[in-house]
Amino acid sequence: MKAIWKRWFNKDASANIDDNSKAELKNLDIPEHVAIIMDGNGRWAKSRMLPRAAGHSEGMKVIRRITKFANEVGVKALTLYAFSTENWKRPEKEVNYLMKLPVEFLDTFLPELIEENVRVNIMGEIDGLPNHTRAAVEKAMKDTAHNDGLLLNLAFNYGSRAEMLLGVKQLMEDVKKGKVATDDITEELFSSYLMTDGIRDPDLLIRTSGEIRLSNFMLWQLAYTEFWFTDVLWPDFTEKDFMEAIKVYQARSRRYGGL
Ligand code: FPP
């Protein structure tokens, strides 16, 4: 590893969080499903005159820390937007690097995730991934299939519009086959044709890096989700930031269109 990179690695942000704060959080209303648009890796690297890959690599480590923390405070599902269907437009070198990250992440952390009872799921078009990436994520899903702790739902090669189109096509097939009657199509039924089938809609959405948009992420599922935006770049995102987001969520009152 280049010396210049080393300076930015091995931060122990969790040292800022004491057990009392975690316990305090646990007693309150914890969002069951948190979704995160992890943004700002490139800017993080640029501001340090590092290659963009360094930002993604650091971002990968943050995934590990935040997964651990979410599990500890009682979040049930954590969905992370790691690679969108639009990210294929990036330079080939960066795409190749991003495709290697799940392999590296799972090679390094899968034993810990298994030990912590985390179940890994990939939300996205797995068939469109290169063989090495696909093999790694399929192995992780298989090896953790029986875990019933936190669901780590990695959105990889995911796009919400493509997901909805696929769902509509499958639903139409089932209507054609007579398995579903048009009158029986409800919001619940349509939800079951999406990649989040069986996972409740996110309670809280976090986006880092100061961008205020959804970027084709979970457009159907975020209908009643609470949003929290922060200027913090993803590689700098700490357990403290996560805790702040949860506290803001806890202070909000969710009315789902009612009074
Ligand atoms: C957005 O930042 C981030 C991404 C497109 C990639 C996110 C990927 C990771 C955090 C690691 C993935 C790891 C695993 C294990 C799946 P950006 O590159 O758009 O940043 P910028 O807007 O500052 O350029």
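Criteria and cut-off values
Residues numbered from 1 in each chain as written. Predicted model: local features only at pLDDT ≥ 70, side-chain atom pairs only at ≥ 80, totals over all residues. Heavy atoms only, no water. Core = buried A, V, L, I, M, F, W, Y, C linked by side-chain atoms within 4.5 Å. Buried < 20%, exposed > 50% of the residue type's maximum accessible area, 1.4 Å probe, protein only. Helix = DSSP H or I, 4+ residues; strand = E, 2+ residues; numbered from the N terminus. Contact = heavy atoms within 4.5 Å. Pairing = 2+ DSSP bridges. Phe/Tyr/Trp six-rings, centres within 6.5 Å; stacked < 30°, edge-to-face > 60°. Right-handed = clockwise from strand over helix to strand, strands pointing away. Expected span 1.5 Å × (residues − 1). Arc of directions from axis to C-beta. Near = heavy atom within 4 Å. Polar contact = N/O pair within 3.5 Å; in protein donor to acceptor, adjacent residues only side chain to side chain. Areas by Shrake-Rupley, 256 points an atom, 1.4 Å probe, with all protein chains shown as cover. Nonpolar A, V, L, I, M, F, W, Y, C, P; charged D, E, K, R; others polar.

Bringing the nonpolar core into the picture now. By size, the foremost hydrophobic cluster in this structure holds 48 residues, and its most contacted members are Ile36, Leu78, Ile206 and Phe242. It is helix α5 (residues 92-115) that provides the largest number of residues to this core, a total of ten residues. Excluding its chain neighbours within four sequence positions, the residues that come into contact with phenylalanine 242 are Val34, Ile36, Ile66, Phe69, Ala70, Val75, Leu78, Ile206 and Phe237. Among the nonpolar cores identified, the runner-up in size contains ten residues, and Ala35, Ile37, Leu205 and Leu222 belong to it.

Moving on: the pairing of strand β2 (residues 77-84). Here is the key point about a regular strand: its side chains alternate between the two faces of the sheet. Most of β2 sits out of view: seven of its eight residues are buried. Of the pairings in the sheet, the one linking strand β1 (residues 33-37) to β2 comprises five bridges and is parallel in character. From the neighbouring strand, isoleucine 36 faces β2, where its bridge partner is leucine 80.

The next point concerns the side chain of aspartate 174. With respect to the secondary-structure elements, aspartate 174 resides in helix α7 (residues 160-176). Judged by relative accessible area, which is 14%, aspartate 174 ranks as buried. Look past the residues within four positions of aspartate 174 in its chain and what remains in contact with it is Lys179, Val180 and Tyr193.

Let us look at the packing of aromatic side chains. According to the stated counting rule, one finds eleven aromatic pairs in the structure shown. Arranged with centres 5.8 Å apart and planes meeting at 85°, the rings of phenylalanine 69 and phenylalanine 242 form a pair that is edge-to-face. Taken together, the residues span a long stretch of sequence, with phenylalanine 69 in helix α4 (residues 52-73) and phenylalanine 242 in helix α9 (residues 239-251) at a distance of 173 residues. Assigned by exposure class, phenylalanine 69 and phenylalanine 242 land together as buried. Ring geometry for phenylalanine 190 and tryptophan 220: centres 4.7 Å apart, planes at 75°, overall edge-to-face. Pair noted here: phenylalanine 190 is in helix α8 (residues 187-191) and tryptophan 220 is in the loop between β5 (204-207) and β6 (226-229), with a separation of 30 residues, a long-range link.

Burial analysis of strand β4 (residues 151-158) places eight of its eight residues in the buried class, which makes it a mostly covered element. Here β2 runs beside β4; their pairing, made up of seven bridges, is parallel. Of the residues in β4, the one forming a bridge with leucine 80 is leucine 154. Note that strand β3 (residues 119-123) and β4 share five bridges and pair parallel. Looking at β4, one finds that asparagine 121 is bridged to asparagine 153. Of the crossover connections in this fold, the one passing from β3 over helix α6 (residues 131-143) to the parallel β4 is left-handed.

Given a rise of 1.5 Å per residue, 13 residues ought to cover 18 Å, and the 18 Å separating the end C-alpha atoms of α6 matches this to within 8%. Those residues of α6 that sit buried are Thr133, Ala136, Val137, Ala140 and Met141. The buried residues of α6 occupy an angular sector of 130° when the element is viewed end-on, so they sit on one face. Pointing more than 90 degrees away from the buried face of α6 are the exposed residues Asn131 and Lys142.

Take the site of the ligand next. Around the ligand, 19 residues are found, and the nearest of them are Gly42, Arg43, Arg52, His56 and Arg90. In the environment of the ligand, an oxygen atom lies 2.7 Å from a nitrogen or oxygen atom belonging to the backbone of arginine 43. A distance of 2.9 Å is found between an oxygen atom of the ligand and a side-chain nitrogen or oxygen belonging to arginine 52. Taken by itself the ligand offers 630 Å² of open surface, and the protein chains cover 91% of this. Every element with two or more residues in the shell around the ligand is listed here: α3 (41-46), α4 and α5. Per-class residue counts for the shell around the ligand are nine nonpolar, six polar and four charged.

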